[in-house]
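Chain by chain, the residues run as shown.
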Amino acid sequence: MDYAIATLGSHSALQILKGAKDEGFRTIAVCRSDHAFVYRHFGVADEIIEIPSYDDFYRVEDDLVSKNAILIPHASLIAYVNLKTIEEMRVLYYGNRRILYWESDRDRQRMWLERAGLNLPKVFKDPSEIDRLVIVKFQGARGGQGYFLAKSEREFRRKIGSARDYTIQEYVVGIPVYIHYFYSVIRGELELMGFDRRYESNVDGIGRIPANLQRDLKVTYTIVGNFPLMLRESLLPEVFRIGERVVEASRDICPPGIYGPFCLETVVTPDLKFYVFEISARIVAGTNVFIETSPYALIKHGRPMSTGRRIAVEIKEAIEQDRLKEILG
Ligand code: ADP
């Protein structure tokens, strides 16, 4: 049977579609009408289906089904299209759809990561417990918007305003490292695809201002872009170990577990411990820095390999081996 690869025109769509084309698939981009020109410009989609707004995504269901399209999820799909719509769509879907339930809630994520035995930042249930620097996060915040730091209950109360649905997390002082993994069902192996660090406004700009002028600025974490990163090679054993443990734990909580691309968002402290503050259970935008390849993926595959292309390779091998069912959730 002849399959197409489809995704929503946003986030990592250029990478996903280019990777699919490189592997010989027909490609479809479902785009908001005002974004479609970008995907036309880059020529990565054989077909563009335009929708007036993301709320209309469900309307393309029949079209995608009739075209035998396999939908590749990414963060924008999850953020802009209702979870229920995604869960109920009849479209072929790459990945374990039910893992979204575990990923979409901070407390459930924590259960998963604790089960995997990872180092996690401490969580403070009540503001009165704050005894160190904390970061206050909101449920469903997009790209870290609105997060703030506080050192005491008093400071917390001053900054929180009327917001209710928040999490108070220990702020781990170290450097952020985002780890890109790919678990291959077909090859039965966890692969390291690369690392990135984020470029966030305005926090990454504040260091450009003299300290005496920084004091009154409100720090925000709005993601704007990403940088590629190579890690000290001696840290790779731990990187693989924690990735393996996340995969194993996911098999208990949500069989058959997580597969395909995922990312652990970590802070590495001076004693070289990885503190995991979040998991993304699908391709992350940080992989876009390796649209050609990351050095790790190049070594592993002996040819340029992006995460988007890796997804297409997995699907191709599944089709060839008549195992497609195992990777569609
Ligand atoms: P989002 O929920 O939008 O993905 P993140 O959880 O990635 O946002 O956090 C936004 C920013 O805050 C990132 O720069 C991240 O490195 C930083 N950050 C998040 N949690 C912690 C933490 N516990 N300790 C230190 N930095 C953190």
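Calculation rules
Residues numbered from 1 in each chain as written. Predicted model: local features only at pLDDT ≥ 70, side-chain atom pairs only at ≥ 80, totals over all residues. Heavy atoms only, no water. Domains from an automatic or database assignment. Contact = heavy atoms within 4.5 Å. Buried area = accessible area lost by both parts, 1.4 Å probe. Salt bridge = Lys/Arg side-chain N within 4 Å of Asp/Glu carboxyl O. Polar contact = N/O pair within 3.5 Å; in protein donor to acceptor, adjacent residues only side chain to side chain. Helix = DSSP H or I, 4+ residues; strand = E, 2+ residues; numbered from the N terminus. Nonpolar A, V, L, I, M, F, W, Y, C, P; charged D, E, K, R; others polar. Core = buried A, V, L, I, M, F, W, Y, C linked by side-chain atoms within 4.5 Å. Buried < 20%, exposed > 50% of the residue type's maximum accessible area, 1.4 Å probe, protein only. Pairing = 2+ DSSP bridges.

A closer look at the domain arrangement of the protein
Domain assignment breaks the protein into domain 1 (4-93), domain 2 (103-119 + 174-199 + 225-327) and domain 3 (123-170). With centres defined by C-alpha atoms, the gap from domain 2 to domain 3 works out at 28 Å. Tallying the contact residues gives six residues for domain 2 and seven residues for domain 3. Of the roughly 560 Å² buried where domain 2 meets domain 3, counting both sides, 33% is carbon and sulfur surface. Interface area lost by domain 2 to domain 3 is led by Arg 106, Arg 110 and Phe 277, which between them contribute 80%. Inspection of the region where domain 2 meets domain 3 yields zero salt bridges. Linking domain 2 with domain 3 are two residue pairs in polar contact (both at pLDDT 80 or more). Counting residues per element, the ones that place at least two in the side of domain 2 that touches domain 3 are helix H7 (106-115) and strand E14 (274-280). Looking at the side of domain 2 that touches domain 3, its residues break down into one nonpolar, one polar and four charged.

Re the nonpolar core
Within the largest apolar cluster, 56 residues are counted, with the highest numbers of intra-cluster contacts made by Trp 112 and Ile 315. Considering every element that reaches this core, the biggest residue donor is helix H10 (residues 236-253), with seven residues. Counting residues domain by domain, this core receives three or more from each of domain 1 (4-93) and domain 2 (103-119 + 174-199 + 225-327). Apart from the residues within four sequence positions on either side, Ile 315 is in contact with Ile 5, Phe 25, Ile 70, Ile 72, Tyr 94, Leu 324 and Ile 327. Ala 4, Ile 51, Leu 64 and Ile 86 belong to the second-largest nonpolar core, a separate cluster that totals 21 residues.

What about the pairing of strand E13 (residues 260-268)?
Most of E13 sits out of view: nine of its nine residues are buried. Of the strand pairs in this sheet, strand E10 (residues 175-184) and E13 are connected by nine bridges, and their pairing is antiparallel. Its bridge partner lying in E13, Val 177 is registered against Thr 266. Across six bridges, E13 lies against E14 in antiparallel orientation. The residue of E14 that forms the bridge with Cys 263 is Ser 280. Counted along the chain from E13 to the antiparallel partner E14, the turn is five residues long, and its residue Leu 272 has a positive phi close to 65 degrees.

Regarding the pattern of salt bridges
According to the stated counting rule, one finds 32 salt bridges in the structure shown. The partner of Glu 23 in a salt bridge is Lys 316, and the shortest N-O contact between them spans 3.0 Å. Linking Glu 23 in the loop between helix H1 (13-22) and strand E2 (26-32) with Lys 316 in helix H12 (residues 307-320), this pair joins segments that are 293 residues apart in sequence. The exposure class of Lys 316 is partly exposed, given its relative accessible area of 28%. Residue Arg 310 is joined to Glu 191 by a salt bridge in which the shortest nitrogen-to-oxygen separation is 2.9 Å. Of this pair, Arg 310 sits in helix H12 while Glu 191 sits in strand E11 (residues 189-202), placing them 119 residues apart in sequence. Glu 191 carries the same exposure label as Arg 310, and that label is buried. Taken together, the salt bridges that share partners define one network made up of Glu 23, Arg 303, Arg 309 and Lys 316.

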